[in-house]
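Survey of secondary and tertiary structure
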Amino acid sequence: MIPNNIKDLILALIEKTASKKAIWGKTSRPNEFKLNFEKGAVTTDFWDDRSGDAVDFAIYNKFGDRIDNFSATRGEPEFDLLIDLHNAAKREFYKVDETIFNLFNEVNEDKSIGKREIEEEDDSLPF
Amino acid sequence: MTDVRRNTLIITGVGILAIILTIYFFKESDKTLPNYATVIGTICSLIGLAIAYVNIIALKDSSILMTTEIKKTLQKFNQLNSVSEISKAIKTNQEIQQYIRSGKIELAHLRTLDLKYMLLHFNSDPVLLELTISETYKQLVIEFGMDLCSINDNLLNPKRKVDLFKIVNNLEELSTFLTQFETKLKTIKI
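Residues numbered from 1 in each chain as written. Chains lettered and ligands numbered in written order. Predicted model: local features only at pLDDT ≥ 70, side-chain atom pairs only at ≥ 80, totals over all residues. Heavy atoms only, no water.

Take a nonpolar patch on the surface next. Side chains of L17(B), L21(B), Y24(B) and F25(B) sit close together on the surface and give an oily, nonpolar patch of about 490 Å² of accessible area. As for its placement among the helices and strands, L21(B) is situated in helix α1 (residues 3-24). (Patch = residues over 30% accessible without salt bridge, like charges linked within 9 Å, V, L, I, M, F, W, Y side chains within 5 Å. Areas by Shrake-Rupley, 256 points an atom, 1.4 Å probe, with all protein chains shown as cover. Salt bridge = Lys/Arg side-chain N within 4 Å of Asp/Glu carboxyl O. Helix = DSSP H or I, 4+ residues; strand = E, 2+ residues; numbered from the N terminus.)

All names here are of chain A. Taking strand neighbours across the sheet as the criterion, the five strands line up as β1-β2-β3-β4-β5 in an open arrangement whose pairing is antiparallel. In the strand order of this sheet, the two ends are held by β1 (25-26) and β5 (66-73), each with one partner. Here strand β4 (residues 52-61) pairs with β5 via seven bridges, running antiparallel. Within the sheet, the bridge partner assigned to D56 lies in β5 and is S71. (Pairing = 2+ DSSP bridges.)

Next up on the list: the environment of F70(A). Residue and element names in this part refer to chain A. On the secondary structure map, F70 appears in strand β5. A residue is classified by how much of its surface remains accessible, and F70, at 11% relative accessible area, is buried. A sequence separation of 16 residues divides F70 from A54, and the C-alpha atoms of the two residues are 11 Å apart. Not counting residues up to four positions away in its chain, the partners in contact with F70 are M1, I2, P3, I6, V55, D56, F57 and L82. (Buried < 20%, exposed > 50% of the residue type's maximum accessible area, 1.4 Å probe, protein only. Contact = heavy atoms within 4.5 Å.)

Remember that the coordinates give geometry; whether it matters functionally is a separate question.
The structure is reproduced here in structure tokens:
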């Protein structure tokens, strides 16, 4: 059960991230993202657990101690809130929106897009 | 010749001269044994007081000098102690990296706990204040804490994967930062 103040914090983080005002980084876990503060940090991770997809939200103090950790697996009531934060962090880290915006810009230009990967056959004999 | 000895000799010389001159300029009627004794006694007392004063001042100066030297020695000792603590942390860091590279995660985890203790200890060392207030160091400590949790979670639940390559990179970064500070600390003259 996530306490209300932590839920508020998560909602605030989602909003801040969605408005491009939070810079997320990557940790040593494949799907975990971190957000550094002046006196601590928060992380959000997503992994395939024994009982299905799982997501967590952890808070670290300035000494690097994990002072709080909330996790939920798919189907649990808090999963949606935690996965929303994780997805927001992931989108921010990989700059998904910016990439899509650039793709649109490129598609809407008159010039041709894409690059031919097969090299033109070379007529010269190798011997 | 020390300053104290020189001053003592000067005072004594001046005193003897004062006795001679005083007696020399006595009226004939005053040249009696009790008068000589009075003049010699008074001037000798004054010389004694002046010599005592000079010695007390010298003692005070030497006491201040001694206190300063003790403080300097203590600072040097603390500095050397801090350098040794940082060296120990760097060594432990390298050990952890070695354990991770050879797949001994349990051993790496144990040494990681030791390193965490050392890093926390740095916060209470006044010599290392410059290190512990730096933003880079603070971020490296938090990062290290996260890596420690990642290793721990991975040991408890292998489904929670961890990128050991990234952990080694983070450790290397921490080691480099500590080494730079250690070098800086070694070159500070007290």
